[in-house]
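Summary of the model geometry
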Amino acid sequence: MSPDPVEPACAAIVLAAGAGTRMDSDLPKPLHPLAGRAMVLRVLDALAAIDAGPIVVVVGHGADQVRAKVGADAPQPDRVVFATQPDQQGTGDAARVGLSALGKFRQAPDVLVLSSDTPLLRAETLHQVVSERRRVDAAASLLTAHVPDPTGYGRIVRDDARVTIIEQRDASPDVIAIDEINVGVYCFGIARLRQVLPYLRPANAAGEYYLTQAIELLAHAHHGITTVAASDPAEAMGVNDANQLAACEAVLIARRETPG
């Protein structure tokens, strides 16, 4: 059963601009099928079930193909608009592009930011992320998961009720041992996100801007950050190559075969 709609409806930004070079395919990464349905459409299905809108799909690599597929097969295409990220300069830059496209719409209190390559997200989980931000009036809420192998993921570090994300490359051995990870699904109070995005700084030599820095800046300014832990760790599974796509498909098939 779908959760009750989020009221008033939240906006959403779906990051779908990456090239996905490790997929070893000419097909844009968001369009790779999972059990017969493109990954980006599975994310849009979950957003439709919580009545999210407007939804900005940020496109870049293979933009025309992604627009055509979403326009033809999205569950609520009238709620979807597209924004182009000319240069793929990280999740923070993509969020900035998406937020600019939202400017023409009636202001929503919240905006979900999530990736098109996390196709196992459940509608009820997204609902919880939005509801938790609103419940405590936090600047942002983020989805976490406890996973058996957190290698490569940002770790969730809690210190005196303050939440930070530490990437593995910057982590001490004690932090590396933490099994709670950042899934990359965020709900921001939209006004707070607008305030903080101009202060993001390049995170590497490639000039990429990461959305995790927005969480760090909000936390440093003593704006509340809250979390929701996924009840099913599989929701954290992302797709960067064909093997991970196959692993996600196996989970989806198992879900269908499990009663209830």
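To keep things clear, this report deals only with the structure shown in the data block. What you are looking at is a predicted structure, and each value in this text was computed from that prediction instead of being measured.

Taken as a whole, the largest pocket holds about 1400 Å³ of empty space. Every residue lining the largest pocket is counted, 42 residues in all, and those nearest its centre are K29, T91, S115, D117 and N240. Listed by contribution, the elements that provide at least two residues to the lining of the largest pocket are β1 (11-16), α3 (91-102), β6 (110-115), β10 (180-189) and α8 (242-257). Here the lining of the largest pocket takes four residues from β10, the largest share from any one element. For the lining of the largest pocket, the class distribution of residues is 16 nonpolar, 20 polar and six charged.

With that settled, consider the nonpolar core. Core analysis: the largest hydrophobic core is formed by 39 residues, its most contacted members being V14, L44, L47, L112, L114 and L126. Among the elements of the structure, β1, α1 (39-49), β4 (55-59), α2 (63-73), β6, α4 (123-136), β7 (140-146) and β10 are those that each provide at least two residues to this core. With six residues, α1 is the single largest residue contributor to this core. Residues L15, L102, A108 and A140 belong to the second largest nonpolar core, which totals 35 residues.

Within the secondary structure layout, K69 lies in helix α2. Here the alpha-carbon distance between K69 and A38, two residues 31 residues apart in the chain, equals 8.5 Å.

So, on to helix α7 (residues 212-220). T212, Q213, A214, I215, L218 and A219 are the residues of α7 that are buried. Residues of α7 that are buried sit in contact with β7, β9 (162-166), β10, α6 (190-196) and β11 (225-229). Immediately downstream of α7, the backbone of H222 shows phi near 65°, a positive value.

The next subject is α4. Over its 14 residues, α4 runs 21 Å from end to end, which matches the ideal 20 Å to within 8%, given 1.5 Å per residue. Turning to α4, its buried residues number three or more, namely A123, T125, L126, H127, V129, V130, E132 and R133. In the core, the buried residues of α4 are packed alongside α1, β6, β7, β10 and β11. Remark: D137 follows α4 within two positions and exhibits a positive phi of approximately 55°.

Criteria and thresholds
Residues numbered from 1 in each chain as written. Predicted model: local features only at pLDDT ≥ 70, side-chain atom pairs only at ≥ 80, totals over all residues. Heavy atoms only, no water. 1 Å grid on protein atoms, 1.4 Å probe; cavity = no way out; pocket = protein on both sides within 12 Å on 5 of 7 lines; lining within 4 Å. Points joined across faces, edges and corners; volume = space filled by probe spheres on them. Helix = DSSP H or I, 4+ residues; strand = E, 2+ residues; numbered from the N terminus. Nonpolar A, V, L, I, M, F, W, Y, C, P; charged D, E, K, R; others polar. Core = buried A, V, L, I, M, F, W, Y, C linked by side-chain atoms within 4.5 Å. Buried < 20%, exposed > 50% of the residue type's maximum accessible area, 1.4 Å probe, protein only. Contact = heavy atoms within 4.5 Å. Expected span 1.5 Å × (residues − 1).

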